[in-house]
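Structural overview
Read off the chains here:
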Amino acid sequence: QVQLVESGGGLLQAGGSLRLSCVASGRTLSSYTMAWFRQGPGKEREFVAAITWSDGRTYYADSGKGRFTISRDNANIALYLQMNSMKSEDTTLYYCAAVRLYSEHYCDAREYSYWGPGTQVTVSS
């Protein structure tokens, strides 16, 4: 079993940068696909970025492409999301997620087995 906890959310002005972290416990993530999603009140959970842990391949939604970078640590226990040039529309709860092995449907929230409780990001304009 895997437990995930996000951190790094906060309040910032548009154009600023923020780095989110997700720490895993229970198992290392060397055979997992991991991702960041975001979801606001009354809205559908939205894919942000994903990474396949074994080979480090990354995938991005158009909303964050060129601004966001997903990465992993060498100890195989942490996931990061570097967010630059933040916009007001980036304001929402951000969640990290994980699933065993590789999923070809990495952008679908229903594919993920493990979720963190979320961290709030608020961007003022």
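These numbers were taken from a predicted model, which means no experiment stands behind them.

Our focus in this paragraph is the state of the cysteines. Tallied over the full model, the rule gives one disulfide. Between Cys 22 and Cys 96 runs a disulfide, and the two sulfur atoms are separated by 2.0 Å. Between Cys 22 and Cys 96, the disulfide has an S-S torsion of 55° and is therefore right-handed. With Cys 22 in strand E3 (residues 18-25) and Cys 96 in strand E9 (residues 92-100), the pair connects residues that are 74 residues apart, well separated along the chain. Of the cysteine sulfurs around Cys 107, a residue in no disulfide, the closest is that of Cys 96, at 18 Å.

Counting across every chain of the model gives seven aromatic pairs. Aromatic pair Phe 37 and Phe 47: ring centres 5.7 Å apart, planes at 70°, arrangement edge-to-face. Linking Phe 37 in strand E4 (residues 32-39) with Phe 47 in strand E5 (residues 46-52), this pair joins segments that are ten residues apart in sequence. Phe 47 matches Phe 37 in its accessibility class, with the two residues each being buried. One residue, Arg 45, lies across the ring of Trp 115, its end atom 4.6 Å from the ring centre. For Arg 100, the ring lying beneath its charged end belongs to Tyr 32, and the centroid distance is 5.9 Å.

A separate point is the pattern of salt bridges. Throughout the structure, instances matching the rule amount to five salt bridges. In this structure, Glu 46 engages Arg 38 in a salt bridge whose closest nitrogen and oxygen atoms are separated by 3.2 Å. Looking at Arg 38, the relative accessible area reads 5%, which means it is buried. Notably, a salt bridge pairs Arg 110 with Asp 108, separated by 3.0 Å at the nearest N-O pair. By relative accessible area, Asp 108 is classed as partly exposed at 23%.

About the cut-offs
Residues numbered from 1 in each chain as written. Predicted model: local features only at pLDDT ≥ 70, side-chain atom pairs only at ≥ 80, totals over all residues. Heavy atoms only, no water. Disulfide = S-S within 2.5 Å. Helix = DSSP H or I, 4+ residues; strand = E, 2+ residues; numbered from the N terminus. Phe/Tyr/Trp six-rings, centres within 6.5 Å; stacked < 30°, edge-to-face > 60°. Buried < 20%, exposed > 50% of the residue type's maximum accessible area, 1.4 Å probe, protein only. Lys NZ or Arg CZ within 6 Å of the ring centre and 35° of its normal. Salt bridge = Lys/Arg side-chain N within 4 Å of Asp/Glu carboxyl O.

Nothing here speaks to function; it is all geometry.
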